[in-house]
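# Summary of the model geometry
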Amino acid sequence: MISENSDTASNLPKLATVWLDGCSGCHMSLLDMDHRLLTLLEQADLVYSPLVDQKHFPDYVDITLVEGAISSEADLEKILHVRAHTKILVSLGDCAVTANVPSLRNPLGVNAILERVSAGGLPKQPDTVPLLCAHARPVHTAVKVDLFVPGCPPSADTIFLVISELLAGRQPDLHAITRFGL
Amino acid sequence: MRVVTLKINGQEMSGRDDEDILHVAREHGIDIPTLCQLDGVSEWGGCRLCLVEIEGSPKLSAACVTKVSEGMVVNTNTERLAGYRKSIVEMLFTEGNHVCSVCVSNNNCELQDMSHELKIDHISLPYRYPLKEVDASHDLFIFDANRCILCTRCIRVCDEVEGAHTWDIAGRGIKSQLISDLHQPWGDSPSCTSCGKCVEACPTGALFEKGKAAGEMVKDARFLVYLEEMKEEKS
């Protein structure tokens, strides 16, 4: 889903999605919008996302949706960069909003998890394998978040409403259609 | 017993003077949020969600344990109360490890419902991530302390309805925890009758039936009201 305008100058608002520590379910839910993706791409350019071939986060993005908790030093570095170059930052889904499933490891400690899951303590190549933070934590504990969209995952309808309302310059009212866990 | 008149949220109403504010309000269609309150067992006043403002009193009062009186003027939904209620529920989330998406009680949980009712879309307070235990020693049920909000509904139903008093609270403050008998594994409890009332009374996924997967544990404590009515008819 590469926007036709991605290589040329465009006056359309710039949209990005970022994937931190999550299962990609929120991005799958985004894809579940089906034909409405085309409607959105007429209103905005998708300039950065796991779904497009763009390696570097652009200098300026109007709306960025973040899936996933902050679990590693790399996640933290990434979200600080994204925040600095984004106008409206949206925590998309329970992992970004509450740390959700990634946070299940938090009471146990990093070492116990690495011993159990990676069979043998800290990574041998810290330059290529990011170090885990002490806790997997919600995005808003590291950077300012402008809109929270709870849900595991938020439905395609919810994500469509979020993006179209923000593009229209309005703050979407999500209370009736979102809650933790669902 | 006599009948008194009072005003709740500007609405004139009457109630018996042995009734609490919570029940008089509910009889007149005014809902006050609660978590530790359960019809059919005694009032506890522990969750503090039902705090209300009473004119002439500088402090807030828990509606479930404050009796109505003549001329009382009560407000249940001011901005100040909404702020406190939000903080209380946020603290419940930070003091335990509540992960709704993988919980047996997902979509059947009073804590989850309350966060929605109070329009909580994220937790602004710092999480504590305490290390808590899961007791799966009972043949039929599991106790997951990570999801326990210490409402004591299980304790009261076990003590007052079943008459077993298997459950109790040990420790104080942040170290408070639910224990069975003399802090021994639930499965070893000599007093537990395995009746399951505590499981039905639990508002979250802290007490649940073995074999239930995420979202499968549906609870219903309405039988307590019938038991109460039958008891009253008998006496």
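I will try to describe carefully the structure that is included in this document. (Residues numbered from 1 in each chain as written. Chains lettered and ligands numbered in written order. Predicted model: local features only at pLDDT ≥ 70, side-chain atom pairs only at ≥ 80, totals over all residues. Heavy atoms only, no water.)

Attention now moves to empty space enclosed by the protein. Counted by the stated rule, this structure contains five cavities of 30 Å³ or more. Space inside the largest cavity adds up to approximately 140 Å³. Along its surface, the largest cavity is lined by 15 residues, and T98(A), S103(A), H98(B), V99(B) and Y127(B) are the ones closest to its centre. (1 Å grid on protein atoms, 1.4 Å probe; cavity = no way out; pocket = protein on both sides within 12 Å on 5 of 7 lines; lining within 4 Å. Points joined across faces, edges and corners; volume = space filled by probe spheres on them.)

Before going further, it helps to spend a moment on the packing of aromatic side chains. Aromatic ring pairs are defined here through the distance separating the ring centres and the angle between the ring planes. Tallied over the full model, the rule gives six aromatic pairs over all chains. Centre to centre, the rings of F141(B) and W186(B) are 5.7 Å apart; their planes meet at 25 degrees, and the pair counts as stacked. Note that F141(B) is positioned in strand 7 (residues 141–144) and W186(B) in the loop between strand 9 (177–180) and helix 5 (197–201), a separation of 45 residues in sequence. Look at W186(B) and you get buried, because its relative accessible area is 1%. Each residue in the set F141(B), F143(B), W167(B) and W186(B) is aromatic and connected to the rest through ring pairs, giving one cluster. Lying across the ring of F160(A), R36(A) places its NZ or CZ 5.1 Å from the centre. (Phe/Tyr/Trp six-rings, centres within 6.5 Å; stacked < 30°, edge-to-face > 60°. Helix = DSSP H or I, 4+ residues; strand = E, 2+ residues; numbered from the N terminus. Buried < 20%, exposed > 50% of the residue type's maximum accessible area, 1.4 Å probe, protein only. Lys NZ or Arg CZ within 6 Å of the ring centre and 35° of its normal.)

Residues and elements named next belong to chain B. In this structure, G215 sits in the loop between strand 10 (207–209) and helix 6 (223–234). According to the relative accessible area criterion, G215 is partly exposed, its value standing at 29%. A C-alpha to C-alpha distance of 46 Å links G215 and G71, two positions 144 residues apart in sequence.

As a further point, take the sheet that holds strand 7 of chain B. Residue and element names in this part refer to chain B. Strand order across the open sheet formed by three strands is 6-7-10, with antiparallel pairing between neighbours. Only two strands of the sheet have a single neighbouring strand rather than two, namely strand 6 (134–135) and strand 10. Sheet analysis places strand 6 next to strand 7, joined by two bridges and oriented antiparallel. Its bridge partner being in strand 7, D135 is matched across the sheet by F143. (Pairing = 2+ DSSP bridges.)

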